[in-house]
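Structure at a glance
Read off the chains here:
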Amino acid sequence: MREIGKNKFSVHGDVEISEISNGIYRISGFDDAFGITFNQFLIDDEQPTLIHTGPFGMYKKIEEKVKEVIPLQKLTYVAFLHFESDEWGGMAFLDSANARLVCSDLSSKLNLTGWYNIPVDHISFWDNENLKTGKRIFKFIMTPHIHHWDSMMIFEETTKSLFPSDLFIQPGNNKSVIEEDLSDKMLALYRGAGIFASEGPKTNI
Ligand SMILES: [Fe+2]
Ligand SMILES: [Fe+2]
């Protein structure tokens, strides 16, 4: 029999932060239950952005790392690229009063309506729309059904950084993959796990 309502995430380890590009930080926490890291990204700019919050139970540790780079009150945008708890599970606990939630228009229409006690004040984006946060320009790329039906990716134009919304997965607790191309290996693992849509991944993105 399965226990219903038990929080599966068991994040006991440290959450680490590293700068992976100029002003772009990876905040990484290892999840014991799944044997993978959840990775969040902080982009320090005039209007700082956090991409993903981590799940409930991990957010406070992530918040501590955010505070090593910026005062929390400066955090302007919190983006989740698809509707899952590791992307947005900590949002209700954000102490950053002015942060605005950012998501895809599909997340907004399909997942953010009709919930009790969830802050739904958010900004949604559609394909090829941009958000300028100072020096950085985020371009939103809609990729529905790649990982999830509401998935979108963000491409930061000035550093040419892609935030791929769980397109890739790697088991274990690893350092940031910055230049090494592990895409075939990572995609194979995903296909094996059956997470992609049945017709195979879209390749023209
Ligand atoms: Fe995720
Ligand atoms: Fe995901």
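A short tour of the structure in this document, coming up. Small disclaimer: the values here were computed from a predicted structure and weren't measured. (Residues numbered from 1 in each chain as written. Chains lettered and ligands numbered in written order. Predicted model: local features only at pLDDT ≥ 70, side-chain atom pairs only at ≥ 80, totals over all residues. Heavy atoms only, no water.)

**A look at the pattern of salt bridges**
Evaluated as defined, the whole model comprises five salt bridges. Note that E63 and K60 form a salt bridge whose closest N and O atoms lie 3.4 Å from each other. Taken together, the positions of E63 and K60, both in helix 1 (residues 59–69) and three residues apart, correspond to about one turn of that helix. We classify E63 as buried; its relative accessible area is 3%. With its nearest N and O atoms 3.2 Å apart, the salt bridge here joins K67 to E64. Placement of both K67 and E64 in helix 1 is noted, with a separation of three residues, approximately one turn of the helix. Judged by relative accessible area, K67 falls into the partly exposed class, the value being 40%. Residue class for E64 comes out partly exposed when judged on its relative accessible area of 42%. (Salt bridge = Lys/Arg side-chain N within 4 Å of Asp/Glu carboxyl O. Helix = DSSP H or I, 4+ residues; strand = E, 2+ residues; numbered from the N terminus. Buried < 20%, exposed > 50% of the residue type's maximum accessible area, 1.4 Å probe, protein only.)

**Thoughts on the coordination of the iron ion (ligand 1)**
Looking at the iron ion (ligand 1), the protein donor atoms are D86 (OD), E87 (OE) and D166 (OD), and they sit 2.0 to 2.2 Å from it. All donors of the iron ion (ligand 1) belong to a single chain; written as a sequence motif, their spacing is D-E-x78-D. Separating the iron ion (ligand 1) from the iron ion (ligand 2) is a gap of 3.0 Å, which D166 spans by donating to each of them. Of this pair, E87 sits in helix 2 (residues 85–88) while D166 sits in the loop between strand 11 (161–163) and helix 4 (183–193); the two residues are 79 residues apart in sequence, bridging distant segments of the chain. (Donors = N, O, S within 2.8 Å, 3.2 Å for Na, K, Ca; no water.)

**A few points about the coordination of the iron ion (ligand 2)**
Around the iron ion (ligand 2), the protein contributes the donor atoms H82 (NE2), E84 (OE), H147 (NE2) and D166 (OD), at 1.9 to 2.2 Å from the metal centre. Between the four donor atoms coordinating the iron ion (ligand 2), the angles at the centre fall across 93 to 140°, so the site counts as irregular. In the primary sequence, the donor residues of the iron ion (ligand 2) line up as H-x1-E-x62-H-x18-D. On the basis of relative accessible area, E84 is assigned to the partly exposed category, the value being 26%. Residue class for D166 comes out partly exposed when judged on its relative accessible area of 23%. (Tetrahedral: all angles 85-135°; square planar, octahedral: opposite > 155°, others 65-115°.)

**Digging into the side chain of N111**
Mapped onto the secondary structure, N111 falls in helix 3 (residues 105–111). Given the relative accessible area of 11%, N111 is considered buried. Once you skip the residues sitting within four places of it in the chain, N111 turns out to touch F83, L106, W149 and D150. (Contact = heavy atoms within 4.5 Å.)

**Looking at the packing of aromatic side chains**
Scanning all chains against the criterion turns up five aromatic pairs. Note on F83 and W88: the rings are 5.7 Å apart at their centroids and 45° apart in plane angle, and the pair reads as tilted. In this structure F83 comes out as partly exposed when scored by relative accessible area, which is 24%. (Phe/Tyr/Trp six-rings, centres within 6.5 Å; stacked < 30°, edge-to-face > 60°.)

Geometric values such as these leave the question of function open.
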